[in-house]
Each structure stands twice: as C-alpha cells, then as structure tokens.
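Observations on the three-dimensional arrangement
The chain contents come next:
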Amino acid sequence: DKVDKAVFPGLQGGPHDHQTAAIAIALKEANTPEFEKYAQQVVKNSKALAASLLKNKITLVGNGSENHLLLLNLVPILGAGGGVFAQDALETAGMTANKNTIPGEPGSPFYPSGIRMGTPALTTRGLTENDMEKVGDWIARAIGEIKDFKLPENKELRKQYIADAKDKIRTNAELLKIKQEIRIFASQFPVPGIKYKG
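Below you will find a few notes about this structure.

Calculation notes
Along each chain, residue indices are assigned from 1 in the same order as the chain's sequence is written. Selection of residues for local features in this predicted model requires a pLDDT of at least 70, selection of side-chain atom pairs for listing and counting requires 80 or more, and totals for whole chains, interfaces and linings are taken over all residues. Only hydrogens and water are set aside; all other atoms, that is, all heavy atoms of the structure, feed into the side-chain values. Only protein chains enter the calculation, and the probe is 1.4 Å; a residue is then buried if its accessible area is under 20% of its type maximum, exposed if over 50%, and partly exposed in between. Only DSSP runs of H or I reaching four residues or more are called helices, and only runs of E reaching two or more are called strands; each is numbered from the N terminus. The contact rule is simple, with two residues in contact once any of their heavy atoms fall within 4.5 Å. Where helices are involved, their axes are fitted lines through C-alpha atoms of the stretch in contact, as for all axes, and angles between N-to-C directions lie from 0 to 180°. To sort the angles, those under 35 degrees are grouped as roughly parallel, those over 145 as roughly antiparallel, those from 65 to 115 as roughly perpendicular, and the leftovers as oblique. By the definition used in this description, the sense in which the near helix is turned from the far one sets the handedness, with an anticlockwise turn below a right angle giving left-handed and a clockwise turn giving right-handed. Three residue categories are used. Nonpolar comprises Ala, Val, Leu, Ile, Met, Phe, Trp, Tyr, Cys and Pro, charged comprises Asp, Glu, Lys and Arg, and polar comprises the others, including Gly. In this analysis, strands are considered paired if DSSP registers two or more bridges between them.

The subject of this paragraph is helix α5 (residues 83–92). With 9 of 10 residues buried, α5 lies mostly within the body of the structure. Turning to α5, its buried residues number three or more, namely G83, V84, F85, A86, Q87, D88, A89, L90 and T92. Tucked into the core, α5 has its buried residues touching α4 (75–78), β3 (98–100), β4 (114–118), α7 (129–144), α8 (155–170) and α9 (173–186).

The following block contains the structure:
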C-alpha cells in the first residue's frame, strides 16, 4: 500500500484529463485516411528536400531521409560548430531550424556542427515535392552566405566572435533578400487557422 501510494499520486501525480483527451483526439485523427495521406506527403516532401539539398552540395547524415526529419552535416562547409551560425542565418532568411549535434560530433553540444529540420509544418501548409526544391535552394543559398564563419578553436574568443557574427548575419543583404522571397512565396500557403490581413 505504501509503494502504491508513493507511485500514485506521489511520484506520478494525478490523472491529467486534458492530456488524456489530447491523446484520444490525436489517435482518432491518426486513424483517418486523410492523416495517412498527409503522413505519406510529409515523407515525400522530406525525401524531395533531401534531394534538393544534396544537389546543392549540402551533406546529409544518412545521405537522405526516410521519415520527416533531415540532419545536415555542416562540417564540410562551416567546420566544427558551424550549426551555431547556420541556425542564425536560416532564421534571418525566414526559415526555422535547430542547431544539432551530428554523429561523431567534432564540436560540442553547446556548439554543434549540424542543423535539424523537418517537413511536417511545410506539408501542413500545403507544400509538395516540387516546392521542396525551392526550399532546398533557399537553405543552400543561406548557408553559402556564411561559409566564411568558422568557430574559433580558442574558447575564450568564441563569445565575442559569435556575437559579431550574429550582427553580420542579421544585416546580410542576401539573407534579407531570401527572407523577402520566402515571404512572398509563403503567402500562397497560409498557416491553417490563421487569418492574414493583407
């Protein structure tokens, strides 16, 4: 009895009805033909984005994608720790991605050498395989704009170098041009449930 009470409600806590309801709704949606078609499109888009990135000479862990995720290995372009700069460049250009470690990481968890991205959000907005080629081109252009940034090996120099790099990245004319191109392109694919005012 003491063990049972220590587990529930002690360690486990009480039942969270909102979480149980959310799981039920998600499972119900996942059991529809529409969701199956959507999930298949997510994977098709991921494979198409991988092909576009590879065509643009971006190295991918696993040399492609078999699911909704892609992991870019930026060591050949930016060296160890280059994910820090790539994340900022992509954000400046209007794309969301996360810096991420890669297998055999030559940098560190704080300064990883990769970028992780996926295609569910783009698929939800209605993009298809043909659109992924354009997205891959934008990613490659953005990364190409920062190819001269290299994380200093001397740890004492890193903080200032990264701060200076961020300033340069956030004012880079080509990255801001890409952002405008993406803004115009994305206006054709509104986020479901959000009404835009011209």
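A positive phi angle is found at K57, which is not glycine, with a value near 65 degrees. Structurally, the position occupied by K57 is in the loop between α3 (33–55) and β1 (59–60). Given the relative accessible area of 70%, K57 is considered exposed. Positive phi values are uncommon outside glycine, yet N63 reaches one of about 60 degrees. Checked against the element boundaries, N63 lands in the loop between β1 and β2 (69–73). You can call N63 exposed: its relative accessible area is 58%.

This part is about the packing of α5 against α8. Helices that pack against each other are described as a pair by the angle of their axes relative to one another and the distance between those axes. Contact geometry for α5 and α8: axes closest at 9 Å, N-to-C directions at 25 degrees. Taken as axis vectors, α5 and α8 run roughly parallel relative to one another. You can see that α5 and α8 cross each other, and the crossing is right-handed. On α8, the residues touching V84, F85, D88, A89 and T92 of α5 are Y161, I162, A165, K166, I169 and R170. Of the residues assigned to the contact of α5 with α8, the class counts are 7 nonpolar, 1 polar and 3 charged.

As a further point, take the pairing of β4. Pairing analysis gives 5 bridges linking β2 to β4, with the strands arranged antiparallel. The residue bridging N73 from the neighbouring strand is G114, located in β4. Inspection of the sheet shows β3 paired to β4 by 3 bridges, in the antiparallel sense. Looking at the pairing, K99 lines up with I115 of β4.

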